[in-house]
Amino acid sequence: MIAEARQLRVAVFAGSQFAVNLIAELMQRKQLALVVFPGKNSQKDDFSVLAQALEAAQVPFVVLRSGQQEVIAEHLKRLHITVGIVATFPQKIPASLIQAFRLGLYNLHAALLPAYPGPAPIYWQIRDGQSESGIVLHRVTEQMDSGNIVAKRLVAIHPLDTSASLHNQMAHLGTQLVSAALEELMRLKTPLLGEVQTRHFSALSEAAVYARRPEQQDNVIRLSEQNAEDIAAICRAGNGTQVPVIIELKQVWVQLLQATAVDYPTFNTPPGTVLFVGDPEGFIVAACGSALRLEVLSCSDGIFGGLAFAERFGIDAGAQLSVPLFFKQRA
Amino acid sequence: MRSEFNPLSDPICDFSDSEAWPGFAESLYDRGRFTEILRQSVTSAVLYERHRMSLAALDAVETLLQPEFNRDQVAPALEILYQQLADLYHQADIPKRLRTRQFICASGLIMSPDHCITTIRDARRMHAFVRGIDQGLRILREKFEGPLHIVYPACGPFAPLLLPLLSFYQQSGSYSANDLKITLIDVQEGATQSLWQVIKALEVQEFIADVMCMDALEYRSDQVVHMVVIEAMQHGFSREGHFLLARHFAQLLDGQGLMIPEEISVRAVLNDPQEELVTQWQECNGQGESDQLKQRIRGKRKELGEILKMDVAFLRSVAPAAGRDQSLMVACGQVTVPVLTPSEGSPILMLITTVNTYGGEWLHDYDSGITHPLPDAQVCINFIPKDAQPGDLWVNSGDCLRFYYNFTGLPGFFAVRENLADSSAKVSRELAHDC
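Residues numbered from 1 in each chain as written. Chains lettered and ligands numbered in written order. Predicted model: local features only at pLDDT ≥ 70, side-chain atom pairs only at ≥ 80, totals over all residues. Heavy atoms only, no water.

Undergrad: Describe the packing of aromatic side chains, and please don't skip the residues or the numbers.
TA: Under the definition given, this model contains 23 aromatic pairs over all chains. Between Phe-37 of chain A and Phe-47 of chain A, the ring centres sit 4.7 Å apart and the planes meet at 25°, which makes this aromatic pair stacked. Of this pair, Phe-37 of chain A sits in strand 2 (residues 32-38) while Phe-47 of chain A sits in the loop between strand 2 and helix 3 (48-56); the two residues are 10 residues apart in sequence, bridging distant segments of the chain. The buried category is assigned to Phe-37 of chain A, whose relative accessible area is 6%. Where Phe-243 of chain B meets Phe-314 of chain B, the ring centres are 6.0 Å apart and the plane angle is 50°; that geometry is what we call tilted. Highlighted residues: Phe-243 of chain B in helix 8 (residues 242-252) and Phe-314 of chain B in helix 11 (residues 312-317), separated in sequence by 71 residues. By relative accessible area, which is 22% here, Phe-314 of chain B ends up partly exposed. One aromatic cluster is present, formed by Phe-237, Phe-243, Phe-314, Tyr-405, Phe-407 and Phe-413 of chain B through successive ring pairs. (Phe/Tyr/Trp six-rings, centres within 6.5 Å; stacked < 30°, edge-to-face > 60°. Helix = DSSP H or I, 4+ residues; strand = E, 2+ residues; numbered from the N terminus. Buried < 20%, exposed > 50% of the residue type's maximum accessible area, 1.4 Å probe, protein only.)

Okay, here's the thing in structure tokens:
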């Protein structure tokens, strides 16, 4: 069966580093026939290293530019490609290309659809504090992230998972999912039909909101508006993305790489008040109704643990991290 | 006197003959004796250091007890004592994590021991408190038989308001350990570790009943408390837990006992922020403020009135109430924003603390770090701020401001606009609506 699977010729629509694991696996199995890169790289991923590896392995690659789907279709025909896999591709695949795969075009999505459709499901699931997720493989239709699900694997989101760690785990599982699906395709020799998308967990039933790409505004920490749990989730969600999580400390913006909600009373101090600086408790500040330990911060002077940051820059308990009002002309 | 000693060639000398090295006697090659000699020399060094610190304390307190404050005498004497205490502190092997921890608790900000060691350099504060304590003890000595029990909570790593004074008493013979028994309390373990070192260095162990590492609000005493010494505040009577501590210890204090400071007054004033916060310091030229400058700046202020007067009687009567968010607070004084001329523009509201330690000993504004005016830039008088912030209070001439003191977290005052005319009109409208 494995020998027959090798006869499958697969095209991968690769939108980010998420596809690298899959590409490597398919290359090893000698099933990879073509890689399609996006014409508009909204994630600003650098595919040059991947392109070099493909060249070395003599695997052709092309860029899907607007209005040039016929070029891709020609490649598919010339290379006898029958199956396509889409992995975080930022462009809508034209209907004519969807039809061009005899055994179907399938998309890997890092969420249990219909929950979290869109380009950044991992970010939003972590940010929303979800504890359960999954990786699905579904038929590509003209409406994005809507086709029948042909395979899925449940994934537990660890309380300390970051976007990067969950991304890597999902990429690894996604590769396994695709491998199993390809074997099924070889066996059936017909496209996988799959099942209509249904909601999995009641907790996710509210999560059909589009998982758009995070913007910088999403990753700004506002101690006066956000509680400690939410801030910790934002840090984990932003960790490993190209949108840094930032917090303003004494009029200077620094990157907050890690923070944890802690069980320490705020004593009704205003958000932004430094509650504790000491070992082993750490650098604890008041957020909205709760306390937050700032654990890893990065600025132009380097990357610091929370306590080291407080000590180095002279931030003590009792200080206010928000913009100081002392003698600022306000009239 | 021999200027150099060569252990290989110089003859063995008798202890009593040696001038160059008083520790040496008999054979240099007797290891047991040599060890003993080294011990004596080290002990001598320790004794020498203690003696030096006691002398520095004696010297400093002698200048502090002078009726007239003379900064040129007091400051250098305190600086010498501070340097010795600081050296002792840094050599005391107190773990860094105990020296640097600083946090907010239910009663207020707990300063790190590292940040507290410089209190002793605040010359005016030391003068007022040491003289106040000294005078208070004389009064108590007449009232009570037997040892006087003094409690000093939140005393910090040096207990600066009391330990040098004890050393002075011991050396001058003014009081003995039979006369005074001191309980020192601090919640910081780093502070209490330091205190034991200072007590030993000043050789005042016999005066000390106990050094307790605990939250002073938990302290209970089965002995009569004759005097309580507290100083746990920052400017504007803010941030630290003085109010709650004083209230707690007022309940423990004997009916005829004394609290030092006897009275704390906080009043609200208005002034041009540029003048108060910038110009006057530029004119000082870094030399410290002269009495002339102080008088001039006081003359430019508009006094709104006293918002808090705190003494033992008040402390025994006050019962903080919980606000809607469970923070503890107490209503304080009310002031009216005066009519201002166009030239007076938009002044800044400031809170000024005055401390009467005891008798005629006072700390007025700018005398000490704890009596520097505290500006409140969020009370916007006769203007709407360009950058509105949560917590801003817009008030106009004629408005009444009621001050409240919040005890929890970072203690301090906050103002509420309280216009009786508006309040009654609002009630009337609501009643009309209900009808």
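Undergrad: Describe the packing of helix 2 (residues 20-28) of chain A against helix 7 (residues 163-188) of chain A, with residues and values.
TA: Residue and element names in this part refer to chain A. Two elements in contact, helix 2 and helix 7, have axes whose closest approach is 8 Å; the angle formed by their N-to-C orientations is 40°. The angle between helix 2 and helix 7 falls in the class oblique. Our pair here, helix 2 against helix 7, has a crossing hand that is right-handed. Listed contacts from helix 7 to Asn-21, Leu-22, Glu-25 and Leu-26 of helix 2 are Ala-171, His-172, Thr-175, Val-178, Ser-179 and Leu-182. (Axes fitted to C-alpha atoms, helices over the stretch in contact; angles between N-to-C directions. Parallel < 35°, antiparallel > 145°, perpendicular 65-115°, else oblique. Left-handed = near helix turned anticlockwise from the far one by under 90°. Contact = heavy atoms within 4.5 Å.)

Undergrad: Hey, could you go over the pairing of strand 7 (residues 253-260) of chain B for me, with residue numbers and the actual values?
TA: Residue and element names in this part refer to chain B. Two strands pair when backbone bridges link them, and strand 6 (residues 225-229) and strand 7 are joined in this way by 4 bridges, in the parallel orientation. Bridging from a neighbouring strand, Val-228 pairs with Met-259 of strand 7. Handedness of the β-α-β unit built from strand 6, helix 8 and strand 7 comes out right-handed. (Pairing = 2+ DSSP bridges. Right-handed = clockwise from strand over helix to strand, strands pointing away.)

Undergrad: Give me the lowdown on the interface of chain B and chain A, citing residues and values where you can.
TA: Between chain B and chain A, the contact holds 35 residues from the first and 25 residues from the second. A buried area of about 2300 Å², summed over both sides, lies between chain B and chain A, and 55% of it is on carbon and sulfur atoms. Together, Arg-101, Gln-102 and Ile-104 of chain B form the three largest contributors to the area buried by chain B at its contact with chain A, with a combined 23%. Put simply, chain B and chain A have 2 salt bridges between them. Of the charged contacts in the structure, one is a salt bridge between Lys-96 of chain B and Glu-311 of chain A, with a shortest N-O distance of 2.6 Å. The tally of links between chain B and chain A comes to 10 residue pairs in polar contact (both at pLDDT 80 or more). Broken down by secondary-structure element, the contributors of at least two residues to the side of chain B that touches chain A are helix 3 (96-100), strand 1 (102-105) and helix 9 (273-284) of chain B. Both strand 11 (residues 274-278) of chain A and strand 1 of chain B contribute to a ladder of 2 bridges, which runs antiparallel. Bridging from a neighbouring strand, Val-277 of chain A pairs with Gln-102 of chain B of strand 1 of chain B. (Buried area = accessible area lost by both parts, 1.4 Å probe. Salt bridge = Lys/Arg side-chain N within 4 Å of Asp/Glu carboxyl O. Polar contact = N/O pair within 3.5 Å; in protein donor to acceptor, adjacent residues only side chain to side chain.)

Undergrad: Describe the pattern of salt bridges, and please don't skip the residues or the numbers.
TA: Side chains carrying opposite charge are able to pair once their charged atoms draw close together. Inspection of the entire model under this criterion finds 24 salt bridges over all chains. Between Arg-293 of chain A and Glu-295 of chain A there is a salt bridge, with the nearest N and O atoms lying 2.9 Å from each other.

Undergrad: Account for the sheet that holds strand 18 (residues 412-417) of chain B, naming residues and giving values.
TA: All names here are of chain B. In spatial order, the strands read 10-11-17-18; together these 4 strands make up an open sheet with antiparallel pairing. Either end of the sheet is taken by a strand with one partner, and the two such strands are strand 10 (321-322) and strand 18. By the bridge criterion, 6 bridges tie strand 17 (residues 400-406) to strand 18 in an arrangement that is antiparallel. Of the residues in strand 18, the one forming a bridge with Tyr-405 is Phe-413.

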